[in-house]
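# Geometric and topological summary
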Amino acid sequence: MQHSHRLAAASDPLPPRFVSWLTGFLDLFTRPTWSNVLVLLAGVVLAPGRRTVTTALRILGRDHDPDFCTFHRILNRAAWSSRAAAGQLLILLIKVFVPAGAPVVIGLDDTIERRWGPKISARGIYRDPVRSSKVHFVKASGLRWLSAMLLVRVPWADRIMALPFLTLLAPSKRFYDGKSRAPKTLLDWARQAALQIHRWLPDRYIVMVADSAFAAIEFLAAVRNYVCLVTRLRLDANLFDFPLPKRKGPGRRPIRGKWLKKLSAILNDHKVSWQRVRITLWYGRTNRLLEITSGIAIWYHGGMPPVPIRWVLVRDPAGELEPQAFLATDLNARPCDIIAWFVCRWQVEVTFEEVRAHLGVETQRQWSNSAILRTTQDCLLAS
C-alpha cells in the first residue's frame, strides 16, 4: 500500500536536500515509520563507533525520549521490506554511477559477522578468513552474510569502490534443525541473489564477479543465462571441446567433445601464443605487465550439467606471481575485460573492513531474527 508523504519539514533531522535523495524509498514505509526512519538514519550517520539504536538516539539528544522503544520496533516489528529497499537502492546507484549501455559489474562475496549468544538462532561456527592462513585454521562464532556490491569508479574518490546494496543472511545448518525444509547452502543463496538482481535489471548486461568459493559447475549452470559470471578456475579443471552435431542414427546427442589439455599443461606448451597486456592495478601495483592466453571450452564433471565457458590463463613474465586462471560464462567476453572485472572484486574486501572500522558492524546488540536481518543490512547499505 502506498502512502502520501511530505519530503521534509523544519523538525526533520536531515537537511531537505538529503531527504530529497531518499524520495525513492518513501512508499516502502508507512507514514509514521518513515518519520522515525529519518531520525534513526540521521543518528546512524552522525554516531561514531557503535551503530546501536541507543547510540543513534543519544547523538541526537533524544536518549531520554519516553518513546525510545518505537525506534527499536523499526528493526524488529515494523512492516517494511529490506529486499524492496535493496532493489530501489540498486536502481538509484546505477542512475548515478553507471552510464546507459555499460555493463553493470557486481561483486559477490560472503563475510562473517562475529557474534555470540544462545538466542541468535542463525549463528554458526565458521572458518575465520581474516585470522586463518593456509597452515593455521581459526574458528569464529557468528553470522554469515552474503553481500552483493556494485563495483563502480566514484569520480570524487578517483578509485573503484564496492557499494553494497543487497545483503543476505546465510544461516548455518544448525538453524534448520527441526524444520521441514532442507538446509540452503551458500551457493543456493548466491543463485537466488543473481536471479533477483536480473529481475531488477531485466534490460541490462550484468557481470557478477566472485572468488573461487563460487566456482561450482551447478552454480554456473543455474545463472549463466541471466548474468555473466566471472570467477577463478582451477588449473586442473576438466575442459572439453564442444560436441559435434548429432550423427545420423539412434542415440542421444553428445553433451561434450574430446578432452582438452589441462591449463597447467598449457603453461608449459611452447606452441601456445601469449599476448602481453598492461593491467591498471594488479596486486597493489599499477600498470602491471602480464601475459595472457584464452580459449573457449566446456567445463564438465560427471553427474553435472556441462557449462560453456571462456577461460583466461594469466602468467607473470617476471615470475613474481603464480599463474592464475579465470573464467566467464559469456563466450563473447574479451579476455582483457574479464581480468579487469575480476580485479575490481578486491574492493569488496576493502568495504567489509571499512564497515567494521567505521560503521560499527559487529557491535549491534539485537538478537531477534527480524532485527538481525535488518540491522547489519542497514549498516552495509549506509556505507
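Description of the structure in this document. Nothing here was measured: the structure is a model prediction, and the numbers come from that model.

This part covers helix H4 (residues 69-76). By the burial criterion, the buried members of H4 are Phe71, Ile74 and Leu75. One side of H4 carries all its buried residues, which in axial view fall inside an arc of 90°.

For any two helices packed against each other, the geometry is given by the interaxial angle and the distance between the axes. The N-to-C vectors of helix H2 (residues 31-46) and H4 enclose an angle of 95°; their axes lie 10 Å apart at closest approach. Classified by the interaxial angle, the pair formed by H2 and H4 is roughly perpendicular. Here H2 contributes Asn36, Val37, Val39 and Leu40 to the contact with H4, which in turn contributes Thr70, Phe71 and Ile74. Split by residue class, the contact of H2 with H4 holds five nonpolar, two polar and no charged.

What follows is about the packing of helix H9 (residues 335-344) against helix H10 (residues 346-358). As a packed pair, H9 and H10 sit with axes 4 Å apart at the nearest point and diverge in direction by 10°. Compared by their axis directions, H9 and H10 come out roughly parallel. On the side of H9, the interface is formed by Phe342, Val343 and Cys344, while H10 contributes Trp346, Gln347 and Val348. The residue makeup of the contact of H9 with H10, split by class, is five nonpolar, one polar and no charged.

Further remarks concern the nonpolar core. If you look at the biggest cluster of nonpolar residues, it comprises 85 residues, and the most contacted ones within it are Phe165, Ile197 and Phe219. Among the elements that take part in this core, helix H6 (residues 186-200) stands out by supplying eight residues, more than any other. The next biggest cluster of nonpolar side chains, apart from the first, holds 26 residues, and it includes Val312, Ala333, Val348 and Phe352.

Now for the layout of surface pockets. The space that makes up the second largest pocket amounts to roughly 700 Å³. Lining the second largest pocket are 27 residues, and of these Asp109, Asp110, Pro129, Asp211 and Ala213 sit closest to its centre. At the level of elements, strand E1 (104-114), strand E2 (124-127), H6 and H10 are the ones that each hand at least two residues to the lining of the second largest pocket.

Take a nonpolar patch on the surface next. A cluster of nonpolar side chains, contributed by Val45, Leu46 and Ile59, occupies part of the molecular surface with about 270 Å² of accessible area. Here Val45 shows up in helix H2. Relative accessible area serves as the criterion here: at 47%, Val45 is assigned to the partly exposed category.

With that settled, consider the environment of Leu260. You can see Leu260 is positioned in the loop between strand E7 (239-240) and helix H8 (263-267). Judged by relative accessible area, which is 25%, Leu260 ranks as partly exposed. Counting along the chain gives 19 residues from Leu260 to Asp241, while the straight-line C-alpha distance between them is 6.3 Å. Look past the residues within four positions of Leu260 in its chain and what remains in contact with it is Leu239, Phe240, Asp241 and Ala297.

Moving on, we get to the environment of Lys184. Residue placement: Lys184 occurs in the loop between strand E4 (159-169) and H6. Distance from Lys184 to Ser172, taken between C-alpha atoms, is 8.7 Å for residues twelve residues apart in sequence. Leaving out residues up to four positions away in the same chain, Lys184 has contacts with Tyr176, Trp189 and Gln192.

According to the stated counting rule, one finds eight aromatic pairs in the structure shown. With a centroid separation of 6.2 Å and 55° between ring planes, the pair formed by Phe214 and Phe219 is classed as tilted. Given the relative accessible area of 0%, Phe214 is considered buried. Seen from the ring of Trp189, Lys184 lies directly overhead, with NZ or CZ sitting 3.6 Å from the centre. Positioned above the aromatic ring of Trp274 is the side chain of Arg315, whose terminal nitrogen or guanidinium carbon lies 3.9 Å from the ring centre.

Reading guide: rules and limits
Residue indices begin from 1 for each chain and proceed along its sequence in written order. Whole-chain, interface and lining totals are the exception, using all residues; otherwise, since this is a predicted model, local features are given only for residues with pLDDT of at least 70 and side-chain atom pairs are given and counted only at 80 or more. To obtain the side-chain values, all non-hydrogen atoms of the structure were used and water was disregarded. Only protein chains enter the calculation, and the probe is 1.4 Å; a residue is then buried if its accessible area is under 20% of its type maximum, exposed if over 50%, and partly exposed in between. Segments assigned H or I by DSSP are reported as helices when at least four residues long, segments assigned E as strands when at least two residues long, and all are numbered from the N terminus. The arc in question is traced by the directions running from the helix axis to the C-beta atoms. Axis definition: a line fit to C-alpha positions, over the contact stretch in the case of helices; interaxial angles, taken between N-to-C directions, run 0 to 180 degrees. What sets the label is the angle itself: under 35 degrees gives roughly parallel, over 145 gives roughly antiparallel, 65 to 115 gives roughly perpendicular, and the rest give oblique. The contact criterion used throughout is that any non-hydrogen atoms of two residues lie within 4.5 Å. Side-chain classes follow a simple rule in which Ala, Val, Leu, Ile, Met, Phe, Trp, Tyr, Cys and Pro form the nonpolar group, Asp, Glu, Lys and Arg form the charged group, and the remainder, Gly included, forms the polar group. Among the buried residues, those of types Ala, Val, Leu, Ile, Met, Phe, Trp, Tyr and Cys that are joined through side-chain atoms within 4.5 Å form a nonpolar core. Put simply, the grid is 1 Å and covers the protein atoms alone, a cavity is a trapped set of points that fit a 1.4 Å probe, a pocket is an open set with protein on both sides within 12 Å along at least five of seven lines, and lining residues have an atom within 4 Å of a point. Grid points are joined across faces, edges and corners, and a volume is the space filled by probe spheres set on the points. Within this analysis, patches are made of residues with over 30% relative accessible area and no salt bridge. Like charges are joined at 9 Å or less; nonpolar side chains (Val, Leu, Ile, Met, Phe, Trp, Tyr) at 5 Å or less. Per-residue accessibility takes into account occlusion by the displayed protein chains alone, with areas from the Shrake-Rupley method and a 1.4 Å probe. Salt bridges are identified by distance alone: a Lys or Arg side-chain nitrogen within 4 Å of an Asp or Glu carboxyl oxygen. Centres within 6.5 Å make a pair out of two Phe, Tyr or Trp rings, where for Trp the six-membered ring is used; the pair is then stacked when the planes are under 30 degrees apart, edge-to-face when over 60, and tilted otherwise. Distance and angle both matter: a charge sits over a ring if NZ of Lys or CZ of Arg is within 6 Å of the ring centre and within 35 degrees of the ring normal.

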